[in-house]
Amino acid sequence: MNAGLAEQIEALKIRQSRDRLTVIGRMLVDGRDLSLWEHDTKTLPRGARIWRRRARAFARERIRPLAAMADRDPASFDPKALVGAAARKGFQTQLFVPPFGRASVTTYLRSATLPIAVIAEEFATECGGLALLLLAHNLGVVPLLLSGHVRTLVRHFLPLYFKTSWLGDSTTFAFAITEPEAGSDVESCEGAAQARLNATARPVQGGYILNGSKVFISDGAIADRITFYARIEGEGVESWTCFLIDKTMPGVSVGRHEKKMGQRAADASEIILEDVFVPKRNIVGKLRSGWPNNHNVLNYSRPVVAAMALGHGRGAFERALAFCRGAERGGRRLIECRDVQYELADMLTALAAARAMIWRACRNFRANQPLSSIAKVFASDTAVRVCNQAMELMGDAGYMHAHGVERAWRDSRLTQIYEGTNQINRYDIIEHQWDADIAADRGSALS
């Protein structure tokens, strides 16, 4: 392209040509020279906007330097040190407002999950494994919050949250529902009704004796406390109860550490309970309230998993974009080729659509089951597809560890599996629609 034509094209762009409009016409043109990231950030509530900026700065400063090595050799870094650094910045206490946490009060009253989601995207853009390492703690905390059990919160949770928030003395929680012979069964109603659950709670004087194991528990090896779901001995999943387990309790041990394809920097371990006495005061919520509590936890956490998936796809896109700006084909930079521009535009469009869906799901104070599952399914499928596109654009380079795109692809694949496989999430979407249709039919019949 010659210099004269380039100047003419530049002059025709709306930000430059808007001066020929009327005053009102100029006011209706967004002439700001903002990136899409900046534009989206400015649309957020103030509290979420602040935390999105802080999260990007923390991710670039603390997560990016660790990402490649932590993926290749998860034992090469101290996870507690990273968790502590995040706690001192307030990222581990976003589920409660001051003085116990660091959440923005006004944003929290509208949506407790939106700030977590924007943080998750920024962390996962740099590394999915390290993002999961930091975010799994929130999943362990949510059952306590959603139980609505004030006594449990005041006695077991808020003092620890206060210490973490203001002293950086991080107490890490983990969430334990998956069992060796149940898998994703416990993440849907139909599957749970047929699940083979081994974790049991036997009533004794003053509490319960817990036995059984949980597998694939994120942060299981490093967590200090675990929200652990078990059925009452002799009963089914309808008796599921959530217990707060302290790792120092006699009989609690960590079993197998999983070797994963993706998100390798985050620990996934087996938790084993052998005749563990848990006092009644450690029951989270009401006895036999574990199933609805668990299901609602997933409704709150699925948009955050979707945001992590979005981060994986965005990280792959950004690395592919940087590569295309520097690499040449036939004497031209790749970014100057129309087919490459179209591919990058499609990737950015898909990511923007996923982000809009996630933020829509997060803008409710109470989680909505179909919206949460829709966001999770769409974002995780989109992330895998975008990572594939990035690898194809980069050719051999995309397959190499150095650029981090193949790591993003491996990380994104896991988001289609946990928090309920995407197949289970699709069932949850249609299950809710069936229920809504039945309720509508009943209403019509009565009117």
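Summary of the structure given here. (Residues numbered from 1 in each chain as written. Predicted model: local features only at pLDDT ≥ 70, side-chain atom pairs only at ≥ 80, totals over all residues. Heavy atoms only, no water.)

Notes on the overall build of the protein
Looking only at helices and strands, one finds 16 helices and ten strands in the protein. A compact globule built from 447 residues would reach a C-alpha radius of gyration of about 22 Å, and the protein, at 24 Å, matches this within 12%. Across the 447 residues of the protein, 54% fall into the buried class. For the protein, long-range pairs separated by at least 24 residues make up 72% of all intrachain contacts whose partners lie at least 6 apart in sequence. As displayed, the protein offers around 20400 Å² of accessible surface, 55% of which is attributable to carbon and sulfur atoms. Between the mean site of the 58 positive side-chain charges and the mean site of the 48 negative ones, the protein shows a separation of 7 Å. (Helix = DSSP H or I, 4+ residues; strand = E, 2+ residues; numbered from the N terminus. Rg over C-alpha atoms; globule rule 2.2 N^0.38 Å. Buried < 20%, exposed > 50% of the residue type's maximum accessible area, 1.4 Å probe, protein only. Contact = heavy atoms within 4.5 Å. Areas by Shrake-Rupley, 256 points an atom, 1.4 Å probe, with all protein chains shown as cover. Lys, Arg positive; Asp, Glu negative; His and termini not counted. Charge placed at Lys NZ, Arg CZ, Asp CG, Glu CD.)

A word on the side chain of E179
Structurally, the position occupied by E179 is in the loop between β1 (173-176) and α11 (189-194). Look at E179 and you get buried, because its relative accessible area is 1%. From its side chain, E179 meets the backbone nitrogen of A199 in a polar contact 3.3 Å long. If sequence neighbours within four positions are ignored, E179 has contacts with R196, L197, N198, A199, S213, K214, V215 and Y229. (Polar contact = N/O pair within 3.5 Å; in protein donor to acceptor, adjacent residues only side chain to side chain.)

Some remarks on a nonpolar patch on the surface
Nonpolar side chains collect at one region of the surface, where V23, I24, M27 and L28 lie side by side and expose about 500 Å² of accessible area between them. With relative accessibility at 60%, the residue I24 sits in the exposed group. (Patch = residues over 30% accessible without salt bridge, like charges linked within 9 Å, V, L, I, M, F, W, Y side chains within 5 Å. Salt bridge = Lys/Arg side-chain N within 4 Å of Asp/Glu carboxyl O.)

Let's talk about the environment of H432
Note that H432 resides in helix α16 (residues 422-446). By relative accessible area, which is 33% here, H432 ends up partly exposed. In sequence terms H432 and Q369 are 63 residues apart; their C-alpha atoms lie 7.4 Å from each other. What H432 contacts, discounting residues up to four positions off in sequence, is Q369 and P370.

A short note on unusual backbone geometry
Although it is not a glycine, F216 adopts a positive phi angle of roughly 60°. Within the element layout of this structure, F216 appears in strand β3 (residues 207-218). A positive phi is found at R288, a non-glycine position, where the angle reads about 70°. With respect to the element layout, R288 can be found in the loop between β8 (283-284) and α12 (290-326). R288 sits in the partly exposed class, given a relative accessible area of 38%.

As for the environment of H401
By the secondary structure assignment, H401 is in the loop between α14 (369-394) and α15 (405-415). Along the chain, H401 and R72 lie 329 residues apart, while their C-alpha atoms are 9.1 Å from each other. Those residues in contact with H401 that sit more than four places away from it in its chain are E406 and R410. A polar side-chain atom of H401 sits 2.7 Å from a polar atom in the side chain of E406.

Some details on the packing of aromatic side chains
Tallying each qualifying case throughout the model produces eight aromatic pairs. Geometrically, the ring pair formed by F91 and F123 is edge-to-face, given 5.2 Å between the ring centres and 70° between the ring planes. With a gap of 32 residues between them, F91 in the loop between α6 (79-88) and α7 (105-110) and F123 in helix α8 (residues 114-126) connect regions that are remote in the sequence. Taking relative accessible area as the criterion, F91 reaches 3% and is therefore assigned buried. Ring centres of W240 and W291 lie 6.3 Å apart, and the angle between their planes is 45°; this geometry places the pair in the tilted category. In this pair, W240 sits in the loop between β4 (225-232) and β5 (241-246) while W291 sits in helix α12, placing the two residues 51 residues apart along the sequence. For W240, a relative accessible area of 0% translates into the label buried. W291 sits in the buried class, given a relative accessible area of 16%. Here the aromatic cluster, defined as three or more aromatic residues joined through ring pairs, consists of W51, F58, F91 and F123. Directly above the aromatic system of W51 lies the positively charged group of R54, at a separation of 4.7 Å from the ring centroid. When the ring centre of W37 is taken as reference, the NZ or CZ atom of R56 above it lies at 3.6 Å. (Phe/Tyr/Trp six-rings, centres within 6.5 Å; stacked < 30°, edge-to-face > 60°. Lys NZ or Arg CZ within 6 Å of the ring centre and 35° of its normal.)

Side note on the packing of α12 against α15
It is the contact of α12 with α15, at a shortest axis distance of 9 Å, that shows an interaxial angle of 160°. Taken together, the axes of α12 and α15 are roughly antiparallel relative to one another. Relative to α15, the crossing made by α12 is left-handed. In contact with V305, A309, H312, A316 and R319 of α12, α15 contributes V405, R407, A408, D411, S412 and T415. In the contact of α12 with α15, the residues fall into five nonpolar, three polar and three charged. (Axes fitted to C-alpha atoms, helices over the stretch in contact; angles between N-to-C directions. Parallel < 35°, antiparallel > 145°, perpendicular 65-115°, else oblique. Left-handed = near helix turned anticlockwise from the far one by under 90°. Nonpolar A, V, L, I, M, F, W, Y, C, P; charged D, E, K, R; others polar.)

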